[in-house]
Amino acid sequence: MPPLIILALFAAAAAYLISTQQEPEQKAEDTPLPIIDVKQVEQQTMSLNLPSYGVVQPKFKTQLVTEVKGRLLSISTQFAAGGMVKQGDELATIEPSDYEADLIQAQATLAQAIAALDEEKARGEVAKNDWKGYKNGVAPQLGLRLPQLKKEQANVKYAQAALARAERNLQRTVIRAPFDGLIKARHVDLGQYVSQGTNLGELYDIAVAEIRLPVANEDLAYLESVDNPDTEVTLSASLAGKTVSWQGEIIRSEGVIDTENRMVYLVAEVIDPYLKSQHQAKQLPLKYGSFVTATIKGRTLDGIVKLPRHLVKNGQVAVIGKNNIVEFRTVNSILTDLEFSYVRGSLHTGERIAITSLNKTLDGRPVKILGEASPQASTPDEVETPKETSAAKESQQDANVAGTK
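These figures come from a predicted structure and were not determined experimentally.

Criteria and cut-off values
Residues numbered from 1 in each chain as written. Predicted model: local features only at pLDDT ≥ 70, side-chain atom pairs only at ≥ 80, totals over all residues. Heavy atoms only, no water. Salt bridge = Lys/Arg side-chain N within 4 Å of Asp/Glu carboxyl O. Helix = DSSP H or I, 4+ residues; strand = E, 2+ residues; numbered from the N terminus. Buried < 20%, exposed > 50% of the residue type's maximum accessible area, 1.4 Å probe, protein only. Phe/Tyr/Trp six-rings, centres within 6.5 Å; stacked < 30°, edge-to-face > 60°. Lys NZ or Arg CZ within 6 Å of the ring centre and 35° of its normal. 1 Å grid on protein atoms, 1.4 Å probe; cavity = no way out; pocket = protein on both sides within 12 Å on 5 of 7 lines; lining within 4 Å. Points joined across faces, edges and corners; volume = space filled by probe spheres on them. Nonpolar A, V, L, I, M, F, W, Y, C, P; charged D, E, K, R; others polar. Pairing = 2+ DSSP bridges. Contact = heavy atoms within 4.5 Å.

**Focus: the pattern of salt bridges**
In step 1: A full pass over the atoms with the stated rule returns 10 salt bridges.
In step 2: Between R344 and D302 there is a salt bridge whose closest N-O contact spans 3.1 Å. One end of the pair, R344, is in strand β22 (residues 340-344); the other, D302, is in strand β18 (residues 300-308), and 42 residues separate them in sequence.
In step 3: For D302, a relative accessible area of 46% translates into the label partly exposed.
In step 4: For R329, the salt bridge is made with E351, and the minimal N-O distance between the two is 3.0 Å.

**Description of the packing of aromatic side chains**
In step 1: Counting across every chain of the model gives 3 aromatic pairs.
In step 2: In textbook terms, an aromatic cluster arises when at least three aromatic residues are bridged by ring pairs, as seen for Y204, Y274 and Y288.
In step 3: A cation over a ring is seen here: R212 above Y265, with NZ or CZ 4.0 Å from the ring centre.
In step 4: One cation-aromatic arrangement involves K306 over F340; the distance from NZ or CZ to the ring centre is 4.2 Å.

**Concerning the layout of surface pockets**
In step 1: Quantified by volume, the second largest pocket comes out at close to 300 Å³.
In step 2: P51, T295, D337, L338 and E339 are the residues nearest the centre of the second largest pocket, which is lined by 16 residues in total.
In step 3: For the lining of the second largest pocket, the secondary structure elements donating two or more residues are β4 (50-58), β14 (231-239), β17 (291-296) and β22.
In step 4: Counted by class, the lining of the second largest pocket contains 7 nonpolar, 6 polar and 3 charged residues.

**Some words on the pairing of strand β12 (residues 199-205)**
In step 1: The buried fraction of β12 amounts to 6 of the 7 residues, a majority that puts the element mostly inside the structure.
In step 2: Two elements, strand β10 (residues 181-186) and β12, share 5 bridges in a ladder whose sense is antiparallel. Residue L182 lies in a different strand from β12, and its bridge partner there is Y204.

**Remarks on the environment of A166**
In step 1: Position of A166 relative to the elements: it lies in helix α4 (residues 146-172).
In step 2: For A166, a relative accessible area of 8% gives the class buried.
In step 3: Residues A166 and A106, 60 residues apart in the sequence, show an inter-C-alpha distance of 6.8 Å.
In step 4: Residue contacts for A166: discarding those within four places in its chain leaves Y99, D102, L103 and A106.

Right under this line is the structure:
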């Protein structure tokens, strides 16, 4: 067969194959769905606790000040920073010699005044007898020595007051603790001369501790009573790697908004912070100066949904609706603390919340829930049918080429 004819046959076969070929079946590219984890919403009835913080301080503290002057003769071993003292304990003694002498002088002066008064009373009786025969009316007071009697009575009172002052000054040479307390600091040493009004040291009361707790003014509405916020408070602090808690009571509100931080301060009390009256097992003392976090018990409300704080972003949460469609819903977060956000009136029991962080671009799009079953795969028949059709087409094309040849 001539070459030109062979080339013409091959060209005709190629043209036929090109004209009869079919476009490959186009399939939409499957976009993988994001896999997320969810939690179900559960409404609760709970107390809304207000978070706060503060520093523990004594309810009463005093400066130990001298009321007399002199040289410090002795200082108690308990009169040192950290020392625990009882009411009436002797802390220090001032040289009492001068005050003992003043007391003796005052006693002598009083004795003289009493003797002078007794003498004047006797003279008055004599004068009264002398004026019994006076016929010209009432006897004059000077004649009866009444002014002299009043003068001696005044001298006795003056001497009694001087004696009482001398006794008090002698007692003041002994510095005593005014209440049960903790010595915060001592500012004097043995043998030092102190004048009247010298600050000897500082004493903290250990019967009651106070903590000022700042609270936002709008959060006061969650207390049972704004004017009389008598409620419980739990104080916590980290000691030796462990969290220790103490129970206290809110006793009052300071009633004004602080101009610096725009907060209202509630005052909490803890009785016997140093556990001196009764020691509880495994309980540690609440030391003054400790920084504590506080949880103030608030009002009890129903329909509250408690969510981790990080799930509420810009006032919205990701709700997974029907067919696993994402909905970014604005919620009413009535209170937020360090860990949780409390939502009311925006979520219903049984709804699902995404606990996986989602981008806003997924709003209205489907997602896959972690742990749910995957969609069913195609059947084997459906998968093999396209292959059979392609094979039949190839056989038919080969037959056509052979027939042309």
